[in-house]
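Chain by chain, the residues run as shown.
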Protein chains: 2
Amino acid sequence: VRCEVLAIGTELLLGQVVDTNSAWIGEQLALVGIDSHLHVQVGDNRARIATAIRDALDRSEAVICCGGLGPTQDDITREAISDVLGVPLELHESIATRIARFFNARGREMPRNNLRQAEVPQGATVIPQVRGTAPGLICRTPTGDRTIYAVPGVPAEMREMLERAVLPDLSRQAGPVSTILSRTLRTWGLAESAVAERLAGRLAALDAAAASGVTIAFLASGIEGIKVRLTVKAPTREEAIALLDAEEATVRELLGAVVFGIDDEGMEVAVGKLLLGAGWSLGVAESLTGGLVGSRLTQVAGSSEWFRGSIVAYSSEVKRKLLGVGDGPVVSDKAAREMAAGAAAALGADVGLSLTGVAGPAEQEGQPVGTVWVGLWLPGAQETRLLQLPGARDQIRQMATISALDYLRRRLPGGPGGD
Amino acid sequence: VRCEVLAIGTELLLGQVVDTNSAWIGEQLALVGIDSHLHVQVGDNRARIATAIRDALDRSEAVICCGGLGPTQDDITREAISDVLGVPLELHESIATRIARFFNARGREMPRNNLRQAEVPQGATVIPQVRGTAPGLICRTPTGDRTIYAVPGVPAEMREMLERAVLPDLSRQAGPVSTILSRTLRTWGLAESAVAERLAGRLAALDAAAASGVTIAFLASGIEGIKVRLTVKAPTREEAIALLDAEEATVRELLGAVVFGIDDEGMEVAVGKLLLGAGWSLGVAESLTGGLVGSRLTQVAGSSEWFRGSIVAYSSEVKRKLLGVGDGPVVSDKAAREMAAGAAAALGADVGLSLTGVAGPAEQEGQPVGTVWVGLWLPGAQETRLLQLPGARDQIRQMATISALDYLRRRLPGGPGGD
């Protein structure tokens, strides 16, 4: 089964909104093994939407229309689908009742326009809403071998409906039911080509075993590192999970210390877990990053259990006064060392992490842009590291942040060590 | 002239990369008054790319192909265009020389594959590269009334080439030369509907004067506020700038204090300018934002002239020890006041700004999630403000950051005052 994606809305063509829905839908389709050869964005024009749907059904067995199901006069996806199918729109009583109740429950009068959302092309199957008011649609063509899906453009509503109704319906058409699961290993410290090289043997082995049911994909994600996605296909969920667990163990063995988390776990989560495990608290001293390290660590709910705070010492006097940095250049091994110890002392923390460097645009103290010293003060140990980072101001600040957190992760008890 | 956008790359269909290029191109086309009825994403498949180009040229006078111009075997946009035009690819000597020089200058041997980038469809006009190695293309169809543009998928290279070569070529075809310029007024503190209401009279007046040459558009941009974009069209650049200046003055008069900057100037730039003007330095004390305020202020190159630093006091003990916060709850008017004064004192700054509140997920000290106190310590004045912010942890932290900076902007000498 092939399925195209048609995103509907003039704001997409005008660049007022970036269409992130199509990418997300494409990813879900790929995960369940359905080919998607074309994604299209079209404006709020009835004839053009209908033509786009017809063109999609000429090429593929299904099309997912995303957007244009709301209550305003601009929302004409329902009408366009009716045109394609050659059937009238009919008022769907239970949807009308539900929408009226939605407004009543909020003590608001229902604008008449909202009843438009209760009109569906004759013969369509309705996907009931659980979040908003616009229902989704599943419409078979008269020949029965083509399907038009319609889902709202609001990302949360779209995702929920796709997972609950559209993907299961598509999978049924695609053939024997199987479970597809994926897991993403997050890595930091290797280029994509180096990650690929370490896994080359494994990839070749999986390719050779045609029916292994396992695929591996790489995704370079900038300051989030390289993501390695494992996808498995198996008859049952239990078998799929067992396959994923086994593959994760194999890949971790090959990649070693560069793996810092899975799925949505960022570097800050990895650091937090290790600190919690060690029963240690962290204090930070930042200069060029200006608060990025602290703001990233405090993204984690519950970070107050292990994060004491950060001293953003942007001026040299603050470094000397609050962190006890001595005379001499502030972009130096010595200053990074003093800042880390000073952060731990001033913030009453077990561990101190410091960053001092040159974010640009101009050099500082004769040091070139991109020079960054990271200092670490651990119970019974002290060390520093010199980074030479490429790029412009923002990139240097972001790279310094993630590099410093990775350095800390490697040195904490339970961490992997190494560089 | 109508122009479609065709983004090329299997990674777009798989959702590994979100296609932001098409939205950006769509925005530029709209700015110069060119209609774009369809945006399409297609994978790295020669036949399907060629079909997509043919389909686009059936509907529109031009198509901009974005991506697939690199050196690898996956990059087949050149081949697909040749297929559509029915002409062979030819080696373009000066491009080949340039690519070879690009590698020589970096002391690297040129992989043979890179010469593929020097092959262009017979008769094509080359858009020379100024950043990377892949040149762009302008290809007229044999009938002379259709144009295929090809630009790289790397956003910076694409944007540069679009502005330098593609848009001017399209504008020439679109008719009499006129200059189109735009300027964006950045606002904070009003909902989109309220901004629209204040400008309703002006919009009606512009609509009535059919040939005013001025259009106004709104763009809600989340924590970046509401953007008001002014676009003018005039015979010459001088006249366009005069029109823009006049319209900006009119709109600023109507919107008042909510306008904090133009174009790329964020709130941090506005605050920095006012501090610099007053000759004052700033010290910050952050709790729930964890460093976001400091990191945002230090995005500005040269911020060391007015930013001393920030004390991220995530734990209550740090608030008491470093900022001199007294006994009692830390999410309070009193604590915000003490933190602002403490930040100014500890960091040796003229101005102190503080934030303390509950980012969630759980309430704190009996205060609901979203409760935030902002404190301000100015030479000779002290005040606080209570915010009740909606949303989840990340949104509350971001909204608190921008709200606090806007509060500071209004209170600094030269700032607009008000709420």
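To keep things clear, this report deals only with the structure shown in the data block. (Residues numbered from 1 in each chain as written. Chains lettered and ligands numbered in written order. Predicted model: local features only at pLDDT ≥ 70, side-chain atom pairs only at ≥ 80, totals over all residues. Heavy atoms only, no water.)

### A look at the overall build of chain A
- The helix and strand inventory of chain A stands at 14 helices and 17 strands.
- A globule of 419 residues ought to have a C-alpha radius of gyration of about 22 Å, yet chain A, at 27 Å, is considerably larger.
- Across its three principal directions, the C-alpha atoms of chain A cover 80 × 55 × 40 Å.
- Across the 419 residues of chain A, 53% fall into the buried class.
- Considering only contacts within chain A whose residues lie at least 6 apart along the sequence, 67% involve residues at least 24 apart.
- Approximately 16,800 Å² of chain A is accessible, and the part contributed by carbon and sulfur atoms is 51%.
- The distance from the centre of the 41 positive side-chain charges to the centre of the 49 negative ones in chain A is 3 Å. (Helix = DSSP H or I, 4+ residues; strand = E, 2+ residues; numbered from the N terminus. Rg over C-alpha atoms; globule rule 2.2 N^0.38 Å. Buried < 20%, exposed > 50% of the residue type's maximum accessible area, 1.4 Å probe, protein only. Contact = heavy atoms within 4.5 Å. Areas by Shrake-Rupley, 256 points an atom, 1.4 Å probe, with all protein chains shown as cover. Lys, Arg positive; Asp, Glu negative; His and termini not counted. Charge placed at Lys NZ, Arg CZ, Asp CG, Glu CD.)

### Describing empty space enclosed by the protein
- Scanning the model with the defined rule gives one cavity of 30 Å³ or more in all.
- Around the largest cavity, the lining is made up of 16 residues, and of these Asp19 and Gln41 of chain A together with Asp19, Ser22 and Gln41 of chain B lie nearest the centre.
- Among the residues making up the lining of the largest cavity, the classes are represented as eight nonpolar, six polar and two charged. (1 Å grid on protein atoms, 1.4 Å probe; cavity = no way out; pocket = protein on both sides within 12 Å on 5 of 7 lines; lining within 4 Å. Points joined across faces, edges and corners; volume = space filled by probe spheres on them. Nonpolar A, V, L, I, M, F, W, Y, C, P; charged D, E, K, R; others polar.)

### Focus on the nonpolar core
- Within the largest apolar cluster, 72 residues are counted, with the highest numbers of intra-cluster contacts made by Leu282, Leu297 and Leu353 of chain A together with Leu282, Leu297 and Leu353 of chain B.
- In contact with leucine 282 of chain B, not counting residues within four places along its chain, are Leu275, Leu297, Trp306, Phe307, Arg308, Gly309, Ala349, Val351, Leu353 and Leu408 of chain B.
- Core analysis: the second largest hydrophobic core is formed by 63 residues, Ala118 of chain A together with Ile99, Ala134 and Cys139 of chain B among them. (Core = buried A, V, L, I, M, F, W, Y, C linked by side-chain atoms within 4.5 Å.)

### Observations concerning the sheet that holds strand E11 (residues 226–234) of chain B
All names here are of chain B.
- A sheet is described by the order of its strands in space; here four strands give the open sequence E10-E11-E9-E12, paired in antiparallel fashion. Looking along the sheet, the strands with just one partner apiece sit at the ends: strand E10 (214–220) and strand E12 (259–262). Averaged over neighbouring strand pairs, the angle between their axes works out to 25 degrees when direction is ignored.
- Direction of pairing for strand E9 (residues 179–187) relative to E12: antiparallel, over a ladder of three bridges. Looking at E12, one finds that threonine 187 is bridged to valine 259.
- Against the sheet, helix H8 (residues 237–255) engages E9, E10, E11 and E12, with an angle of about 20 degrees to E9. (Pairing = 2+ DSSP bridges. Axes fitted to C-alpha atoms, helices over the stretch in contact; angles between N-to-C directions.)

### Overview of the pattern of salt bridges
- Inspection of the entire model under this criterion finds 50 salt bridges over all chains.
- Where glutamate 265 of chain B meets lysine 273 of chain B, a salt bridge forms, and the shortest distance between an N and an O atom there is 3.3 Å.
- Three or more residues joined by partner-sharing salt bridges are found here, namely Arg183, Asp245, Glu248 and Arg252 of chain A. (Salt bridge = Lys/Arg side-chain N within 4 Å of Asp/Glu carboxyl O.)

### Examining the packing of aromatic side chains
- Under the defined criterion, the tally for this structure stands at two aromatic pairs over all chains.
- Relative to tyrosine 314 of chain B, the ring of phenylalanine 307 of chain A lies with its centre 5.6 Å away and its plane at 55 degrees, an arrangement referred to as tilted. Taken together, the residues phenylalanine 307 of chain A in strand E14 (residues 307–313) and tyrosine 314 of chain B in the loop between strand E14 (307–313) and helix H11 (316–323) connect one chain to another.
- Phenylalanine 307 of chain A sits in the buried class, given a relative accessible area of 1%. (Phe/Tyr/Trp six-rings, centres within 6.5 Å; stacked < 30°, edge-to-face > 60°.)

### Thoughts on the pairing of E10 of chain B
Residues and elements named next belong to chain B.
- The pairing of E10 with E11 spans seven bridges and is antiparallel. Within E11, the residue paired with alanine 220 across the bridge is isoleucine 226.
- The hairpin turn running from E10 into E11, its antiparallel successor, is five residues long, and glycine 222 in that turn takes a positive phi close to 55 degrees.

### Some points on the interface of chain B and chain A
- Facing 56 residues of chain B, the contacting portion of chain A comprises 58 residues.
- At the boundary of chain B with chain A, total buried surface from both sides reaches about 4,300 Å², with 55% on carbon and sulfur atoms.
- It is Leu13, Arg308 and Tyr314 of chain B that lose the most area in chain B upon contact with chain A, and together they represent 13% of the buried surface on that side.
- Applying the counting criterion to the chain B and chain A interface returns two salt bridges. (Buried area = accessible area lost by both parts, 1.4 Å probe.)

### Things to note about the environment of alanine 234 of chain A
Residues and elements named next belong to chain A.
- Mapped onto the secondary structure, alanine 234 falls in strand E11 (residues 226–234).
- For the pair alanine 234 and serine 178, spaced 56 residues apart in sequence, the C-alpha to C-alpha distance is 5.7 Å.
- Among residues more than four places away in sequence, those in contact with alanine 234 are Ser178, Thr179, Glu239, Ala240 and Leu243.

### Things to note about the relation of the copies chain B and chain A
- Mapping chain B onto chain A calls for a rotation angle of 179 degrees and an axial translation of 0.6 Å; the resulting RMSD is 0.8 Å. Such a combination of turn and shift is consistent with a two-fold rotation axis. (Least-squares fit on C-alpha atoms with pLDDT ≥ 70 in both.)

### Brief notes about unusual backbone geometry
All names here are of chain A.
- Of note, the bond from glycine 360 into proline 361 is cis; its omega dihedral lies within 30 degrees of zero at 10 degrees.
- Tracing the backbone through its elements, the reader meets proline 361 in the loop between strand E15 (351–357) and strand E16 (371–378).
- Even without glycine at this site, aspartate 263 takes up a positive phi of about 50 degrees.
- Tracing the sequence through the fold places aspartate 263 in the loop between strand E12 (259–262) and helix H10 (267–278).
- Non-glycine residue glutamate 365 carries a positive phi angle of around 50 degrees.

### Structural notes on the packing of helix H13 (residues 333–347) of chain A against H11 of chain B
- The N-to-C vectors of H13 of chain A and H11 of chain B enclose an angle of 100 degrees; their axes lie 9 Å apart at closest approach. Relative to H11 of chain B, the element H13 of chain A lies roughly perpendicular. On H11 of chain B, the residues touching Ala345, Ala346 and Leu347 of chain A of H13 of chain A are Val318, Lys321 and Leu322 of chain B.
- Residues belonging to the contact of H13 of chain A with H11 of chain B are distributed by class as follows: five nonpolar, no polar and one charged. (Parallel < 35°, antiparallel > 145°, perpendicular 65-115°, else oblique.)

### Topic: the sheet that holds strand E9 (residues 179–187) of chain A
Residues and elements named next belong to chain A.
- Strand order in the open sheet formed by four strands is E10-E11-E9-E12, with antiparallel pairing between adjacent strands. The sheet is open, and its two borders are formed by strand E10 (214–220) and E12, each paired with just one other strand. Here the strands of the sheet are splayed against their neighbours by 25 degrees on average, with no regard to which way each runs.

### Considering helix H14 (residues 393–411) of chain A
- Over its 19 residues, H14 of chain A extends 27 Å from the first C-alpha to the last, a length consistent with the 27 Å expected when each residue adds 1.5 Å.
- With 15 of its 19 residues buried, H14 of chain A lies for the most part within the structure. (Expected span 1.5 Å × (residues − 1).)

### A word on helix H2 (residues 21–31) of chain A
- Burial of H2 of chain A is extensive: nine of the 11 residues sit out of reach of the surface.
- Within the sequence span of H2 of chain A, burial applies to Asn21, Ser22, Ala23, Trp24, Ile25, Gly26, Gln28, Leu29 and Leu31 of chain A.

### Some remarks on the environment of proline 135 of chain A
All names here are of chain A.
- Note on placement: proline 135 falls in the loop between strand E6 (125–127) and strand E7 (136–140).
- Judged by its relative accessible area of 5%, proline 135 falls in the buried class.
- When the C-alpha atoms of proline 135 and alanine 118 are compared, they prove to be 7.8 Å apart, with 17 residues separating the residues in sequence.
- Non-local contacts of proline 135, meaning those with residues more than four positions away in its chain, are made with Leu69, Ile95, Gln117, Val126, Ile127, Gln129 and Met161.

### Points about the environment of tryptophan 280 of chain A
- In this fold, tryptophan 280 of chain A is placed in the loop between H10 and strand E13 (282–286).
- In this structure tryptophan 280 of chain A touches Leu275, Trp306, Asp350, Val351, Leu378, Pro379, Leu412 and Pro413 of chain A, once residues within four positions along its chain are discounted.

### Observations concerning the side chain of serine 303 of chain A
- Looking at the element boundaries, serine 303 of chain A is found in the loop between helix H11 (292–297) and E14.
- A polar side-chain atom of serine 303 of chain A sits 2.9 Å from the main-chain carbonyl oxygen of valine 300 of chain A.
- When residues no more than four places from it in sequence are discounted, the contact partners of serine 303 of chain A are Leu297 and Thr298 of chain A together with Tyr314 and Arg393 of chain B. (Polar contact = N/O pair within 3.5 Å; in protein donor to acceptor, adjacent residues only side chain to side chain.)

### Examining the packing of helix H2 (residues 21–31) of chain B against helix H6 (residues 155–174) of chain B
Residues and elements named next belong to chain B.
- Close contact between H2 and H6 brings their axes to 11 Å; oriented N to C, the two are set at 30 degrees. Classified by the angle their axes make, H2 and H6 are roughly parallel. For the element pair H2 and H6, the recorded crossing hand is right-handed. Between H2 and H6, the residues in contact are Asn21, Trp24, Ile25, Gln28 and Leu29 and Pro155, Met158, Arg159, Leu162, Glu163, Leu167 and Leu170, respectively.
- When grouped by side-chain class, the residues that make up the contact of H2 with H6 number eight nonpolar, two polar and two charged. (Left-handed = near helix turned anticlockwise from the far one by under 90°.)

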